[in-house]
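Residues per chain are reported as follows:
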Amino acid sequence: MSSIGTEEKSKTEFPTLTELKHSIPNACFESNLGLSLYYTVRAIFNASASAALLYAARSTPFIAENAVLHALVCAAYIYVQGVIFWGFFTVGHDCGHSAFSRYHSVNFIVGCIMHSAILTPFESWRVTHRHHHKNTGNIDKDEIFYPHRSVKDLQDVRQWVYTLGGAWFVYLKVGYAPRTMSHFDPWDPLLLRRASAVIVSLGVWAAFFAAYAYLTYSFGFAVMGLYYYAPLFALPRSSSSRPSCTTTTRRRRGTATRSGRTSRATSRASTARTARSSTT
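The name given to the chain in an unreviewed UniProt entry is Fatty acid desaturase domain-containing protein, with Saprolegnia parasitica as the source organism.

Engineer: Is there a simple way to think about the UniProt feature "transmembrane region" (unreviewed entry) in the chain in this case?
Structural biologist: Mapped onto this numbering, the UniProt entry annotates "transmembrane region" (unreviewed entry) at residues 68–91, 103–122, 159–177 and 197–230. Here residues 68–91 is 100% helix and 0% strand, with 35 Å between the C-alpha atoms at its ends. For residues 197–230, the helix share is 97%, the strand share is 0%, and the end-to-end C-alpha distance is 30 Å.

Engineer: Is there a simple way to think about helix α11 (residues 221–233) in this case?
Structural biologist: Side chains three or four residues apart in an α-helix point the same way, a direct result of the helix having 3.6 residues per turn. Between its terminal C-alpha atoms α11 stretches only 15 Å, short of the 18 Å expected from 13 residues at 1.5 Å a residue. Tyr 227 marks the point of greatest bend in α11, at about 40 degrees, and the proline Pro 231 comes within the next four residues. Within α11, the full set of buried residues consists of Met 224, Gly 225, Leu 226, Tyr 227, Tyr 228, Tyr 229, Pro 231 and Leu 232.

Engineer: How should the nonpolar core be read in this particular structure?
Structural biologist: One broad rule of soluble globular proteins: the nonpolar side chains tend to lie buried together. If you look at the biggest cluster of nonpolar residues, it comprises 31 residues, and the most contacted ones within it are Phe 85, Phe 88, Ile 118, Tyr 212 and Tyr 228. Put simply, the parts of the chain that give this core at least two residues each are α3 (33–59), α5 (67–96), α6 (104–116), α7 (122–134), α9 (167–174), α10 (195–219) and α11. Ranked by residue count, the leading element in this core is α5, at six residues. Residues contacting Tyr 212, with those up to four places away along its chain left out, are Ser 116, Ala 117, Leu 119, Met 224, Tyr 228 and Tyr 229.

Engineer: I tried to follow a nonpolar patch on the surface on my own but got confused; where do I start?
Structural biologist: Nonpolar side chains collect at one region of the surface, where Leu 35, Tyr 38 and Tyr 39 lie side by side and expose about 300 Å² of accessible area between them. Tracing the sequence through the fold places Leu 35 in helix α3.

Engineer: How should the side chain of Ser 124 be read in this particular structure?
Structural biologist: With respect to the helices and strands, the residue Ser 124 is situated in helix α7. A relative accessible area of 0% places Ser 124 in the buried class. Within the structure, the side chain of Ser 124 is placed 3.5 Å from the backbone oxygen of Pro 121, a separation counted as a polar contact. Contacts of Ser 124, omitting those with residues within four sequence positions, involve His 183, Leu 191, Val 198 and Ser 201.

Engineer: I would appreciate a short explanation of α3 in the present structure.
Structural biologist: An ideal rise of 1.5 Å per residue puts 39 Å on 27 residues; α3 measures up with 39 Å between its terminal C-alpha atoms. Taken together, the buried positions of α3 are occupied by Ser 36, Thr 40, Ala 43, Ala 47, Ser 50, Leu 54 and Ala 57. Those residues of α3 that are buried lie in contact with α4 (61–64), α5, α6 and α11. The distance from a side-chain oxygen at the start of α3 to the backbone nitrogen of Gly 34 is 3.1 Å, and the residue carrying that oxygen is Asn 32.

Engineer: Whenever I open this one, the confidence of the model for the chain confuses me. Can you help?
Structural biologist: Should pLDDT be low for a region, the predicted coordinates there are not to be read in detail. Looking at the chain as a whole, its pLDDT mean stands at 80, while 71% of the residues score no less than 70. Low pLDDT, under 50, characterises residues 238–280; the predicted model gives this stretch 53 contacts beyond four residues in sequence or across chains.

Engineer: Can you help me understand the environment of Arg 130 in this one?
Structural biologist: Following the sequence through the fold, Arg 130 ends up in helix α7. For Arg 130, a relative accessible area of 56% translates into the label exposed. C-alpha separation for the pair Arg 130 and Gly 96, spaced 34 residues apart in sequence, amounts to 8.4 Å.

Reading the values: the criteria
Residues numbered from 1 in each chain as written. Predicted model: local features only at pLDDT ≥ 70, side-chain atom pairs only at ≥ 80, totals over all residues. Heavy atoms only, no water. UniProt positions renumbered as here; feature names shortened; annotations may be inferred. Helix = DSSP H or I, 4+ residues; strand = E, 2+ residues; numbered from the N terminus. Expected span 1.5 Å × (residues − 1). Bend = angle between axes of the 7 residues up to and from the residue. Buried < 20%, exposed > 50% of the residue type's maximum accessible area, 1.4 Å probe, protein only. Core = buried A, V, L, I, M, F, W, Y, C linked by side-chain atoms within 4.5 Å. Contact = heavy atoms within 4.5 Å. Patch = residues over 30% accessible without salt bridge, like charges linked within 9 Å, V, L, I, M, F, W, Y side chains within 5 Å. Areas by Shrake-Rupley, 256 points an atom, 1.4 Å probe, with all protein chains shown as cover. Salt bridge = Lys/Arg side-chain N within 4 Å of Asp/Glu carboxyl O. Polar contact = N/O pair within 3.5 Å; in protein donor to acceptor, adjacent residues only side chain to side chain. pLDDT = per-residue confidence, 0-100.

Below you can see the structure in the form of structure tokens.
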């Protein structure tokens, strides 16, 4: 009976952090600078090619003279370019996690360029994102996905902003109440220790912002709105950053997600333990 009880107890025990890491192939922890640069160049090329194809399509009389077809082509471009811009964010995300390369300077430079291209201040985002990972799923401390306690906490005006894809930029400027902070303030308590790096990254962001402002002035808001601003707001990131309206929904989703991850991790760790014991 005691052995059966011990076996049942062992089945419910969670693997240790060391066991979890051992269950993951070592290759997953190794960065490849050449491959990372390839994906970076590919993302930039795809964005440029997508814009060039739209320009060529809109210059075609058959499309330009057909309002419905023209609208469909523009809508398809906005969606595709929005997905490509998500690739920009992903490259910067990996730079923020130091997964892009083993070199901090390379990660910082590439991260600043790729994130600033989609008007995201890199270093301040990196700091707050790290804080998020330290408190993932914590209803009181998680810095990003903060669930409102009740539907009344979410104002109608803010809901419209989130629905229109502006959640990300609202978050960057003012954060999510009640934990408000600005990613553009290097003297914010959360960013103060990295103030110098934040200022540099904000300088890169300002350079891109000025370039987009000049292009908007030169070509008009309608053109830049179609080629850049609309895809920017169509980023999958914008809608996924919206906080849940109720605590219950967030808890259920979080529990389900963590349960799935834990089950898979436990399975891998158990397999790793079995393999190690068989070899010994």
